[in-house]
Amino acid sequence: MELFLKIANKGTIEYMLLGAGTSLMVAIFSLFFGSVLGLVSAAMKMSKSKILRGIATVYVEIFRGTPMMLQIMIFYLCGPIFTKFLFGFVYTPNPIIVGIFAVSINSGAYITELFRAAIQSIDKGQWEASKTIGLNYFETMRYVILPQSLKRILPPFVNEFIVLIKDSSLLSTIGAVELLQTATVLGGKYYNYLIPLSMAAVMYLVMTLTIAHFARKLERRLAESD
Amino acid sequence: MIKAEHISKYFDKFKAIDDVSLHVKKGEVICIIGPSGSGKSTLIRCLNGLESPEEGTVTVNGTVLDYKKPNDVTKICSQIGFVFQHFNLFPHMTVLDNLTLGPVVAQKLDKAECEKRAVELLRRVGLEEKKDAYPSQLSGGQKQRVAIARALIQAPEVILFDEPTSALDPEMIGEVLEVMKELAEAGMTLLVVTHEMGFARKVASRVIFMDEGHIVEDNTPSEIFDNPKSDRLVDFLSKVIHM
Ligand SMILES: Nc1ncnc2c1ncn2[C@@H]1O[C@H](COP(=O)(O)OP(=O)(O)OP(=O)(O)O)[C@@H](O)[C@H]1O
Ligand SMILES: [Mg+2]
């Protein structure tokens, strides 16, 4: 108990909360950019063009078929080499920015499949009815298909958000100061890992359970309007 | 106003429509009858661009449909109303929004003006008080009347119906047929795929009998029902009338 109070002082808690904030921020930005990527790549995957379909498929398969840790390391460690080779300049990578970049691209591959499944689950009569009233492809997507898909996509989408909060811990391997990293730093400082790691676990749980709770509420609200 | 010339439609190797020509003239009320799988739906879906025939041409108001330009086809065919067997209303929108979506989004018309017209049309099909309801809160017959109003707001010159009453409970069929009859009496051009032989006999000006992708007979209702010429039509009528 004494040891716990010694470690869990105001300073360390603040430090860890800052780390938790970073984790949350990485997850939110990645979810946002991943959604944009996922929507575009889902549209490509469902397009008539073989080339677009091919590009999207390769993207999805590569990023779902290799470990996220590997992807993060490639972007972080090899990014400067690529830019030197391609554009002739080297940069010092910021772990958080590179991390958001890598996680977004990875998440985009998963979200592609979420969007595609949700969009394709909409009855084709909806497309046909839209066509008979003169809506083009984009208008049909925007006003008819996506609003109905979003309802169906909500549960797996929230799940993806929770996965991202947990996966953001992988950024500790490239030195980003997120929640897990703060815990290990404190562990080293106090020669005790159990307490800071447990504190991190509690903070992760608070985040993921809160999100799950609000998602369930929202789902229930949406179900009512059916 | 719609003219199909020698159209054929394949699904893989299967020929669902086989060299069919059909000319729909202004003011006509045409009923298409025939056994299941004879290509009735496929034919009327070809007339408004929902299906593209591999052979032959479809001309709408003087323009030949060019399926390589899907946006043009959609634009031209939005002048043709279409009512589906399963309504295909937009479930996430109110009845009013179901009606105004086309004019407001595709035609970029003034929203308030469209809503006024939508309410008038809903009154015409007897559903003015349902304008803020969602489709899930309506009965089948009401849904189909909303679908008819949604077709009407496009100010179409012709409306195509694909078995508009086949998905309805028997007690709701009458209310939908009544609306269609009123449209016919008001001079609207209608093309109706139907199994309602009573409607075909009373309301149609022309009845087409299809079988195996062909138009087998094309005549006045009294000739079709009282004086069928082909064995296949005789056979078909004996089946549907006994049922
Ligand atoms: N999208 C499709 N893919 C493959 N075959 C199809 C498709 N649509 C229709 N067909 C086939 O084409 C034939 C004609 O179908 P169609 O729907 O036009 O018949 P129908 O006369 O409308 O029948 P019903 O009275 O059952 O509605 C059928 O044999 C059907 O199986
Ligand atoms: Mg049919």
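Here the structure is a predicted model, which means the values were calculated and not measured.

Enquirer: How should the sheet that holds strand 10 (residues 214-219) of chain B be read in this particular structure?
Expert: Strand pairing within a sheet occurs via backbone hydrogen bonds; the two strands may be parallel or antiparallel. Residues and elements named next belong to chain B. As summarised here, the arrangement of the six strands in space is 6-7-8-3-9-10, forming an open sheet in which the pairing is mixed. Bordering the open sheet on either side are strand 6 (80-83) and strand 10, each of which pairs with just one other strand. The sheet shows a mean angle of 15° between the axes of neighbouring strands, taken without regard to direction. As defined by bridge partners, strand 6 adjoins strand 7 (residues 158-162) across four bridges and the pair is classed as parallel. Bridging from a neighbouring strand, Ile80 pairs with Val158 of strand 7. The strands touched by helix 1 (residues 40-47) are strand 3 (29-33), strand 6, strand 7, strand 8 (189-193) and strand 9 (206-211); relative to strand 7, the strand with the most contacts, the crossing angle is about 150°.

Enquirer: Looking at this structure, I do not really get the packing of aromatic side chains. What am I missing?
Expert: One pair of aromatic rings is described through two measures. These are the centre distance and the angle between the planes. Inspection of the entire model under this criterion finds nine aromatic pairs over all chains. Summarising the aromatic geometry, the rings of Phe82(B) and Phe84(B) are spaced 4.8 Å apart at their centres and angled 55° between planes, so their arrangement reads as tilted. We classify Phe84(B) as buried; its relative accessible area is 6%. Put simply, the rings of Phe29(A), Phe32(A) and Phe33(A) touch in pairs and so form one group of aromatic residues. Lying over the aromatic face of Phe90(B), Arg150(B) brings its terminal NZ or CZ to 4.7 Å of the ring centre.

Enquirer: So what exactly am I meant to see when it comes to the sheet that holds strand 2 (residues 14-24) of chain B here?
Expert: Residue and element names in this part refer to chain B. Read from one edge of the open sheet, four strands run 2-1-4-5, paired in antiparallel fashion. Each edge of the open sheet carries a strand with a single partner, namely strand 2 and strand 5 (63-64). Contacts from helix 1 reach strand 1 (2-11), strand 2 and strand 4 (55-60) within the one sheet, and its direction differs from that of strand 1 by about 125°.

Enquirer: Help me out: how do you make sense of the pairing of strand 1 of chain B in this one?
Expert: Regular strands have side chains that alternate between both faces of the sheet. All names here are of chain B. In this structure, strand 1 lies alongside strand 2, joined through seven bridges in antiparallel fashion. Residue pairing for strand 2: Ile7 is matched across the bridge by Val20. Connecting strand 1 to the next strand, strand 2, in antiparallel fashion are two residues, including Asp12 with a positive phi near 55°.

Enquirer: Explain the packing of helix 7 (residues 137-167) of chain A against helix 3 (residues 95-106) of chain B here, please?
Expert: How two helices sit against one another is set out by the angle between their axes and by the gap between those axes. Orientation of helix 7 of chain A relative to helix 3 of chain B, taken along the N-to-C sense of each, is 145°, at an axis distance of 12 Å. Note that helix 7 of chain A runs across helix 3 of chain B; the crossing there is right-handed. Judged by residue contacts, Glu139(A), Tyr143(A) and Val144(A) of helix 7 of chain A engage Leu101(B), Val105(B) and Ala106(B) from helix 3 of chain B. Its residues assigned to classes, the contact of helix 7 of chain A with helix 3 of chain B shows five nonpolar, no polar and one charged.

Enquirer: Quick question: what am I supposed to make of the interface of chain A and chain B here?
Expert: A common way to report how large an interface is uses the accessible area buried once the components associate. Contacts between the two partners involve 18 residues from chain A and, on the opposite side, 25 residues from chain B. A buried area of about 1800 Å², summed over both sides, lies between chain A and chain B, and 63% of it is on carbon and sulfur atoms. In terms of surface lost to chain B, no three residues of chain A exceed Lys131(A), Thr132(A) and Ile133(A), which account for 35% of the buried area on that side. Taken together, the connections running from chain A to chain B amount to two salt bridges. Glu128(A) is the partner of Arg45(B) in a salt bridge, and the nearest nitrogen-oxygen pair spans 2.6 Å.

Enquirer: Which parts of the structure should I look at to understand unusual backbone geometry?
Expert: The phi torsion at Tyr191(A) lies on the positive side, around 50°, for a residue other than glycine. Here Tyr191(A) is to be found in the loop between helix 8 (179-190) and helix 9 (194-224). The backbone of Lys108(B) sits at a positive phi, close to 55°, despite the residue not being glycine. Examined against the element boundaries, Lys108(B) turns out to sit in the loop between helix 3 and helix 4 (111-124). By relative accessible area, which is 60% here, Lys108(B) ends up exposed.

What counts and what doesn't
Residues numbered from 1 in each chain as written. Chains lettered and ligands numbered in written order. Predicted model: local features only at pLDDT ≥ 70, side-chain atom pairs only at ≥ 80, totals over all residues. Heavy atoms only, no water. Pairing = 2+ DSSP bridges. Helix = DSSP H or I, 4+ residues; strand = E, 2+ residues; numbered from the N terminus. Axes fitted to C-alpha atoms, helices over the stretch in contact; angles between N-to-C directions. Contact = heavy atoms within 4.5 Å. Phe/Tyr/Trp six-rings, centres within 6.5 Å; stacked < 30°, edge-to-face > 60°. Buried < 20%, exposed > 50% of the residue type's maximum accessible area, 1.4 Å probe, protein only. Lys NZ or Arg CZ within 6 Å of the ring centre and 35° of its normal. Left-handed = near helix turned anticlockwise from the far one by under 90°. Nonpolar A, V, L, I, M, F, W, Y, C, P; charged D, E, K, R; others polar. Buried area = accessible area lost by both parts, 1.4 Å probe. Salt bridge = Lys/Arg side-chain N within 4 Å of Asp/Glu carboxyl O.

Keep in mind that these numbers describe shape and distance, not what the molecule does.
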